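For reference, the chains in residue letters:
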Amino acid sequence: MDAKNKLDFLLQDVHLATDLRAIAAKVLAGTRITFEEGVLLYEKGELSYLGVLANYIREKKHGDYTYFNRNFHIEPTNVCVYDCKFCSYSRLVKERAEGWEMEVAGMMDIVRKYDNEPVTEVHITGGVVPKQNLAFYSDFFRQCKAHRPDLHIKALTPVEYYYIFKKAKLSHYEGMKYLKEAGLDSMPGGGAEIFHPEVREKIAHDKCTAEQWLDIHEQAHSLGMHSNATMLYGHIEEYWHRVDHMERLRQLQDKTGGFQAFIPLKFRNKENQMSHIPEVSVIEDLRNYAIARIYMDNFPHIKAYWAMISRDTAQLSLAFGVDDIDGTLDDTTKIYSMAGAEEQKPGMSTKELVDLIKDVRRHPIERDTLYKVVTDYKDVVFEADESTAKKKYYALPVLSSEI
Ligand code: SF4
């Protein structure tokens, strides 16, 4: 039964509540759901119901295509002037001896390590320190582009930019324009957390506000740059805070069209100031991906970071609205492992990523940062590698049998 048949079948279910049937009918018609309907999905939507809706949208937009890229990370520092309660990664400035702070030369050494590798993107993010300022980053972007013009620089978030531009006395627009001219290509989605001040003031009181975060993305989009957006879920927020967060992003996307992917990030509770809060279940992760796919109708892609949620959950997520599982990473990020993710040395070969996608009967596509197809792996057969363990195929009750 294909995704459309499953949705038709669901709509004929006499036991389905009237309000949930109305939402399913909207999904079939391609009509946007409201804020109240978003909250209702969180409160009443069973996993199987949400999976049918989200998978219908996912396959309508992308078929079986599942995207990944070949990238590496540079994390210039984990020292930070801010004190987000959920952060397992950073060290306060007074604890800087426990952290690291790189120079431009050290960052260029990492770039040069990939000289003969077919990577397409460097993803740069980390903490916020005064010396990594406008001059520091413009110097790095220029050197990086001079050395390897084809490498896409996806760097920093409005958290860093707000701080850097304020110190440099530049408006958001002027700052983004300056760094774009230095070589910046696009922005990752971090620092969004939960926008609503009721939550934001409790978990991230001292960094940029929702309005500042959104404005910096808007300015980047106005300059022709693309970006992503995240949401940190599963801590003290209520369901309506998640919908409020997605609503603000959906509105900005209506205005600019500059976002590419929405990336729900699961709160992990290892060694941070919110460690007493239990993590949500995998079921809740999948429900959240599915609701994101249903609600964010104007976002082309829903991404799951395999390094954050584990390889197995990343495979499952491909049946709940996700069409992108990020990149090879090459063990170049500590953000996920320090927060308690299952992957303590995150890195996958292209073959491993392709196998992971094919094992759940999806179609692997290596993309560049802007979703241009680099390689279609549908019919590519790698040479046998006995060291690669056989992956499991999960036969999902949602999508492989009647409801
Ligand atoms: S989440 Fe980012 S801004 Fe907040 S403390 Fe950690 S590194 Fe700093």
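Sequence positions are assigned chain by chain, starting from 1 and proceeding in written order. pLDDT decides what is reported in this predicted model: residues at 70 or higher carry local features, side-chain atom pairs at 80 or more are listed and counted, and totals for whole chains, interfaces and linings draw on all residues regardless.

Under an unreviewed UniProt entry, the name given to the protein chain is Aminofutalosine synthase MqnE, and the organism recorded is Rhinopithecimicrobium faecis.

> Explain the UniProt feature "binding site: [4Fe-4S] cluster" (unreviewed entry) in the protein chain to me, using residue names and the numbers behind them.
UniProt positions are given in the numbering used here, feature names are shortened, and annotations may be inferred rather than shown by experiment. UniProt's feature table lists "binding site: [4Fe-4S] cluster" (unreviewed entry) at Cys80, Cys84 and Cys87, given in the numbering used throughout. Mapped onto the secondary structure, cysteine 84 falls in the loop between strand 3 (79-80) and strand 4 (91-92). Counting other C-beta atoms within 10 Å of each residue's C-beta, where C-beta atoms are placed from the backbone, gives the exposure class: buried for 20 or more, exposed for 12 or fewer, partly exposed between. We classify cysteine 84 as buried; it has 22 C-beta atoms within 10 Å. Sequence-distant contacts of cysteine 84, that is, excluding residues within four places in its chain, are made with Ile203, Ala204 and Lys207. Relative to the helices and strands, cysteine 87 resides in the loop between strand 3 and strand 4. The class of cysteine 87 is buried, set by 21 C-beta atoms lying within 10 Å. The way it works is that DSSP assigns letters per residue, a run of H or I at least four long becomes a helix, a run of E at least two long becomes a strand, and they are numbered from the N terminus. C-beta atoms are first placed from the backbone for all residues, and any pair lying within 7 Å is then listed as a contact.

> With reference to specific residues and values, describe the domain arrangement of the protein chain.
Structurally, the protein chain comprises domain 1 (3-62) and domain 2 (66-400). Taken over C-alpha atoms, the centre of domain 1 sits 28 Å from the centre of domain 2. In this assembly, 22 residues from domain 1 lie in contact with 23 residues from domain 2. Contributing elements (two or more residues each) for the side of domain 1 that touches domain 2: helix 3 (35-44) and helix 4 (47-62). Domain extents, as shown, originate in an automatic or database domain assignment.

> Summarise the environment of lysine 44; cite the residues concerned and give the values.
Along the chain, the position of lysine 44 falls in helix 3. Residue classification places lysine 44 among the exposed positions, given that 12 C-beta atoms sit within 10 Å. Those residues within four positions of lysine 44 in sequence are excluded, and the remaining contacts are Ala17 and Leu20.

> Outline the site of the ligand, listing residues and values.
Taken together, the residues surrounding the ligand are Cys80, Tyr82, Asp83, Cys84, Cys87, Tyr89, Ser90, Gly127, Val128, Val159 and Lys207. Polar here means any residue outside two lists: the nonpolar Ala, Val, Leu, Ile, Met, Phe, Trp, Tyr, Cys and Pro, and the charged Asp, Glu, Lys and Arg; Gly therefore counts as polar. Of the residues in the shell around the ligand, the class split is 7 nonpolar, 2 polar and 2 charged. Residues are classed as near a molecule or strand if the C-beta position derived from their backbone is within 6 Å of it.

> So, the nonpolar core: which residues are in play, and what are the values?
The nonpolar core is taken to be a set of buried Ala, Val, Leu, Ile, Met, Phe, Trp, Tyr and Cys residues joined by way of C-beta atoms within 7 Å. Formed by 104 residues in total, the largest nonpolar core has its most connected members in Leu53, Phe262, Ala290, Ile294 and Phe320. Each of domain 1 (3-62) and domain 2 (66-400) gives at least three residues to this core. What isoleucine 294 contacts, discounting residues up to four positions off in sequence, is Val27, Ile33, Leu41, Leu53, Ala54 and Ile57.

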